[in-house]
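What the coordinates show
Below are the chains, spelled out letter by letter.
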Amino acid sequence: MAAFSKYVTGKNSSIAGGILLVLYLLKRRRGTQKRNGKKGGSEVVQNEKDGKKDRAAVDKVFFGRIFQILRIMVPQFFSMETGYLALIAAMLVARTYCDVWMIQNGTMIESGIISRDSALFKKHFYSYIKVIPAIALVNNFLKLGLFELKLRFRERLTKNLYDQYLQGFTYYKMGNLDNRIANPDQLLTQDVEKFCNSVVDLYSNLSKPLLDICLYIYKLTTAIGAQGPTVMMTYLLVSGMFLTRMRRPMGKMTVTEQRYEGEYRFVNSRLITNSEEIAFYNGNEREKLTIHSTFKKLVDHLHQFIFFRFSMGFVDSMIAKYLATVVGYLVVSRPFLTPGHSRHLTSTHSELLEDYYQSGRMLLRLSQALGRIVLAGREMTRLSGFTSRITELMKVLKDLNSGKYVRTMVSQNEKDSDASQKLVLVPGSGNVINRDNIIKFDHTPLATPNGDVLIKDLSFEVSSGTNVLVCGPNGCGKSSLFRVLGELWPLFGGSLTKPERGKLFYVPQRPYMTLGSLRDQVIYPDTYEDQQRKGISDQVLKEYLDNVQLGHILDREGSWDCVQDWMDVLSGGEKQRMAMARLFYHKPQFAILDECTSAVSVDVEDFIYSHCRTVGITLFTVSHRKSLWKHHEFYLHMDGRGNYEFKPITEETVEFGS
């Protein structure tokens, strides 16, 4: 036992512990891969899909993605971004030369102190004091360049993504048609910021060590020969390849972390958006379970990520920091500890000391630079996670803007008869024809984006001046019809003849109140400049409000430019009437009224419908009120089982509703 205990030292225990930790990590990773491989059936398909989507590693694909995004952030050679890149590079070079000068000057100051040479000490001491402002200026110019470059990269990338996101109805399609991106707000805000910060930090953290390595290799080669720097560079290559292999899971972990963060933000924003409905249901306990469940999923993943980073931090510190210093000591000591080395055959003790200080410090800086290069691989692996998410968003935006979307489709084989199996649904295969004063469905299948067929063959025609009442049970396809009319959903066949988008107006049951002034609520989505260009005065806007009995709001607020939280200030009925005033302002050829007068009195409702007929607005109305039948010439009834009828309203027509 005593013979064994002499080997149990702190040094040997640390080495053994490090080896065991590395072996444990390798075994744990292999076990995880085996468990993932044993999952069967549909889960394997899903995991393969996720694996392809979440692929995040430092490889050829990663560098291709980075250059694709860099072309957006640096659009041309002569730009402010290029200027800041050049400024950062110049300041890094300047700081490297400052470091070399500080080493040489510091060595001379210490030499003067040790040799008691007052003149030598004062000369280099005062030189140091003189250059302090210049060194401080270099450091702060470097910080200025880094902060400005991060902000400009974020500005460029954010504007580019939002230009695509808000092009047409892409923002709607991403959340309602395509199911590849779950939380675009997370990607457009936090992920873009983290990506830009990570890119600039990596540029800085790689450029400075590379400059240091080049400069110190040159200096050391002239001082101690080429063998020392060659050994250090060999160590860099070997350790870098090993650590890059070990860090591979970090990219995918970063992708997963950001996805869980997005889900956690989504359930919290959903609680705020639907707080009134949840309060009426006393659903706080149920919502707490949902939020805690989502948060626990995030926390569990972060615990795993923290342990992985702790483990990799131990390995990184050992290899990139301490072992690099050990190699540096071995290299720098060789000329001094070899008795017959030609460099120091005639050197005095003072010269040996000065040479060791200068060469040793340069080699120490070289080893530190090599360590930073190796550790920069960790930042690059994390950057690959953000890069994967940003490029996935760019790909989805490009697909949606070109009319393509990806969604899980309903299997018609399980749902319907032999006839429906022959119905091949191809999104976007229908033909949209823009023509004024007519809406015509010609053998058009009415289907949801996931392929759920509501009506196999829809055909009817409505001309301007002919109001249509759309009725039927919930889920029969009334809202789906209007989404197709508004070009929010794709056509799966046939043809649709309709006016352009701007000549078709939709008024929902819960109208949208924008952020802005009272005027903005009436003219939305127009701006004040658009109102002036149309030649519509504020007095005309006042008449629109009076027509829907909202003139008192202008009197109460005192000005068209008054800004309020109109979603809270206006009641449900006032918001519906404000939406009708908005309809009068735009005067479209056709308007879709989706239960938009449910909170309005019958007399105001009669005036609204009469006024629409007077100004030439043709209406498609969804309502269950019997009082509205008299304002329409045709009705479109859907029974919810795939059948419909489009007929004129006559005295014999049986009116239904409340």
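For the structure itself, consult the block above.
Now for a quick tour of the structure. This is a predicted model, so every value here is computed, not measured.

Here we come to unusual backbone geometry. Following Tyr524, the chain continues to Pro525 via a peptide bond in cis, the omega torsion being 5°. Examined against the element boundaries, Pro525 turns out to sit in the loop between α17 (518-523) and α18 (528-534). Within the chain, Asn437 stands out as a residue other than glycine whose phi angle is a positive 65°. Relative to the assigned elements, Asn437 resides in the loop between β1 (431-434) and β2 (438-447). Classification of Asn437 as partly exposed rests on a relative accessible area of 42%.

In spatial order, the strands read β1-β5-β2-β3; together these four strands make up an open sheet with mixed pairing. At either end of the open sheet lies a strand with only one pairing partner, and these are β1 and β3 (453-463). Between one strand axis and the next, the sheet turns through 15° on average, direction left out of account. In this structure, β2 lies alongside β3, joined through seven bridges in antiparallel fashion. When the bridges of β3 are listed, Lys440 appears paired with Glu461. Lying over the sheet, helix α16 (residues 478-485) contacts β2, β3 and β5 (495-498), oriented at roughly 120° with respect to β2.

So, on to a nonpolar patch on the surface. Judged by side-chain polarity, Met102, Phe125, Tyr126, Tyr128, Ile129 and Ile132 come together as a nonpolar surface patch covering roughly 500 Å² of accessible area. Considering each element in turn, the nonpolar patch owes the most residues, five residues, to helix α6 (residues 118-165). By the secondary structure assignment, Phe125 is in helix α6. Residue Phe125 is classed as partly exposed on the basis of its relative accessible area of 32%.

So, on to the packing of helix α5 (residues 80-114) against α6. Closest axis-to-axis distance for the α5/α6 pair is 8 Å, and the angle between their directions is 160°. Taken together, the axes of α5 and α6 are roughly antiparallel relative to one another. Classified by chirality, the crossing of α6 by α5 is left-handed.

Turning next to the nonpolar core. Inside soluble globular proteins, nonpolar side chains tend to come together where they are buried. Counting 70 residues, the largest nonpolar core has Leu157, Phe195, Phe441, Leu481 and Phe620 as the members making the most contacts within it. The element contributing the most residues to this core is helix α13 (residues 349-401), with 10 residues. Here this core gathers at least three residues from each of two domains, domain 1 (55-401) and domain 2 (431-648). Not counting chain neighbours up to four residues away, the residues in contact with Leu157 comprise Ile69, Ile72, Met73, Val192, Phe195, Cys196 and Ile390.

Attention shifts here to the packing of aromatic side chains. Taken as a whole and judged by the stated rule, the model has 14 aromatic pairs. Summarising the aromatic geometry, the rings of Phe482 and Phe620 are spaced 6.5 Å apart at their centres and angled 85° between planes, so their arrangement reads as edge-to-face. In this pair, Phe482 sits in helix α16 while Phe620 sits in strand β10 (residues 618-622), placing the two residues 138 residues apart along the sequence. Across the pair, exposure class does not vary: Phe482 and Phe620 are buried alike. What links up through ring pairs into an aromatic cluster is the set Phe441, Phe460, Phe634 and Phe646. A cation over an aromatic ring shows up here: Arg309 above the ring of Phe305, its NZ or CZ 4.3 Å from the ring centre.

Before going further, it helps to examine the packing of helix α4 (residues 60-73) against α6. Interhelical geometry of α4 versus α6 gives an angle of 95° and a closest axis separation of 8 Å. Looking at the two axes, α4 sits roughly perpendicular to α6. Side by side, α4 and α6 meet where Ile69, Ile72 and Met73 of the first sit next to Phe153, Arg156, Leu157 and Asn160 of the second.

Right, let's talk about the sheet that holds strand β9 (residues 590-594) for a bit. Taken together, six strands build an open sheet; the order of strands is β6-β9-β10-β4-β11-β12 and the sheet is mixed. If you trace the sheet from one side to the other, it starts and ends with β6 (504-507) and β12 (644-648), each paired once. Ignoring which end each strand starts from, the neighbouring axes of this sheet average 15° apart. Of the pairings in the sheet, the one linking strand β4 (residues 468-471) to β10 comprises three bridges and is parallel in character. Across the sheet, residue Leu469 finds its bridge partner in β10, namely Thr621.

So, how was this worked out
- Each chain carries its own residue numbering, running from 1 in the written order of its sequence.
- In keeping with the predicted nature of the model, local features appear solely for residues at pLDDT of at least 70, side-chain atom pairs appear and are counted solely at 80 or more, and the whole-chain, interface and lining totals rest on all residues.
- Hydrogens and waters are ignored; side-chain quantities use all the structure's heavy atoms.
- Helix and strand definitions here come from DSSP, where helices need a minimum of 4 consecutive H or I residues and strands a minimum of 2 consecutive E residues; each element is numbered from the N-terminal end.
- Between buried and exposed lies partly exposed: a residue is buried under 20% and exposed over 50% of the maximum accessible area for its type, with that area taken using a 1.4 Å probe on protein chains only.
- Strands are labelled as partners when DSSP assigns at least two bridges between them.
- Every angle, taken between N-to-C directions, lies between 0 and 180 degrees, and every axis is a line fitted to C-alpha atoms, over only the stretch in contact when it is a helix.
- Residue contacts are defined here by distance: any two heavy atoms, one from each residue, within 4.5 Å place the two residues in contact.
- Patch definition: residues with relative accessible area over 30% and no salt bridge; like charges joined within 9 Å; nonpolar side chains (Val, Leu, Ile, Met, Phe, Trp, Tyr) joined within 5 Å.
- Values of accessible area rely on a 1.4 Å probe in the Shrake-Rupley scheme; residue burial ignores everything except the protein chains shown.
- We define a salt bridge as a side-chain nitrogen of Lys or Arg found within 4 Å of a carboxyl oxygen belonging to Asp or Glu.
- Between 65 and 115 degrees an angle is taken as roughly perpendicular, under 35 as roughly parallel, over 145 as roughly antiparallel, and anywhere else as oblique.
- If you view the pair so one helix is near and one far, a crossing is left-handed when the near helix is turned anticlockwise from the far one by less than a right angle, and right-handed when it is turned clockwise.
- By nonpolar core we mean a set of buried residues, namely Ala, Val, Leu, Ile, Met, Phe, Trp, Tyr and Cys, connected to one another through side-chain atoms within 4.5 Å.
- The start and end points of each domain follow an automatic or database-based domain assignment.
- Paired rings are identified among Phe, Tyr and Trp, the last through its six-membered ring, by centres lying within 6.5 Å, and are further divided according to the angle between planes into stacked (under 30 degrees), edge-to-face (over 60) and tilted (the rest).
- Charges are assigned to positions over rings by a cutoff of 6 Å between ring centre and Lys NZ or Arg CZ, combined with an angular limit of 35 degrees from the ring normal.

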